[in-house]
Amino acid sequence: MWKASTSPRIKFFLWLCTHYSVPTKEVLGSRGLNLDPTCELCGESPESILHTLRDCKVAKSVWKDLGIEEGNL
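Bear in mind that the values here come from a model prediction, so they are computed numbers and not experimental data. (Residues numbered from 1 in each chain as written. Predicted model: local features only at pLDDT ≥ 70, side-chain atom pairs only at ≥ 80, totals over all residues. Heavy atoms only, no water.)

## A look at the pattern of salt bridges
Within this structure, the stated rule accounts for three salt bridges. For the salt bridge of Lys25 with Glu40, the shortest nitrogen-to-oxygen distance reads 3.0 Å. In this pair, Lys25 is assigned in helix H2 (residues 25-30) and Glu40 in the loop between H2 and helix H3 (49-55), connecting sequence segments 15 residues apart. The exposed category is assigned to Glu40, whose relative accessible area is 65%. The salt bridge involving Arg54 is made with Asp55; its shortest N-O contact spans 2.7 Å. For Arg54, a relative accessible area of 35% translates into the label partly exposed. Classification of Asp55 as partly exposed rests on a relative accessible area of 35%. (Salt bridge = Lys/Arg side-chain N within 4 Å of Asp/Glu carboxyl O. Helix = DSSP H or I, 4+ residues; strand = E, 2+ residues; numbered from the N terminus. Buried < 20%, exposed > 50% of the residue type's maximum accessible area, 1.4 Å probe, protein only.)

Okay, here's the thing in structure tokens:
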């Protein structure tokens, strides 16, 4: 990951994802914050990293608008 030819911000974001440190509701709840874990965008599932980036219907719509097929995620 660190040798990838991309910006340092993207590398750091990937590092956060692999260490479950992106502050989603699921992560914040596991750290003791008392909050509703449901995704505010779709209201259907807990807000996890994978849900936010891949599984949420809003995220799927964004990927589709970018021309990225669901099978390629």
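## Regarding helix H1 (residues 8-18)
Looking only at H1, the buried set comprises Lys11, Leu16 and Cys17. Contacts made by the buried residues of H1 are with H3. Looking one or two places after H1, you find Tyr20, whose phi comes out positive at around 50 degrees. (Contact = heavy atoms within 4.5 Å.)

## Here we look at the packing of aromatic side chains
Any two aromatic rings considered together are summarised by their centre-to-centre distance and by the angle between their planes. What the rule picks out here adds up to one aromatic pair. Measuring from centroid to centroid gives 6.0 Å for Phe12 and Trp15, while their planes differ by 10 degrees, and the two rings are stacked. Of this pair, Phe12 and Trp15 both sit in helix H1, separated by three residues, roughly a single helical turn. Classification of Trp15 as partly exposed rests on a relative accessible area of 30%. (Phe/Tyr/Trp six-rings, centres within 6.5 Å; stacked < 30°, edge-to-face > 60°.)

## Overview of the environment of Cys39
With respect to the helices and strands, Cys39 occurs in the loop between H2 and H3. Residue Cys39 is classed as buried on the basis of its relative accessible area, which comes to 4%. Each C-alpha atom of the pair Cys39 and Val27 lies 13 Å from the other, and the pair is 12 residues apart in sequence.

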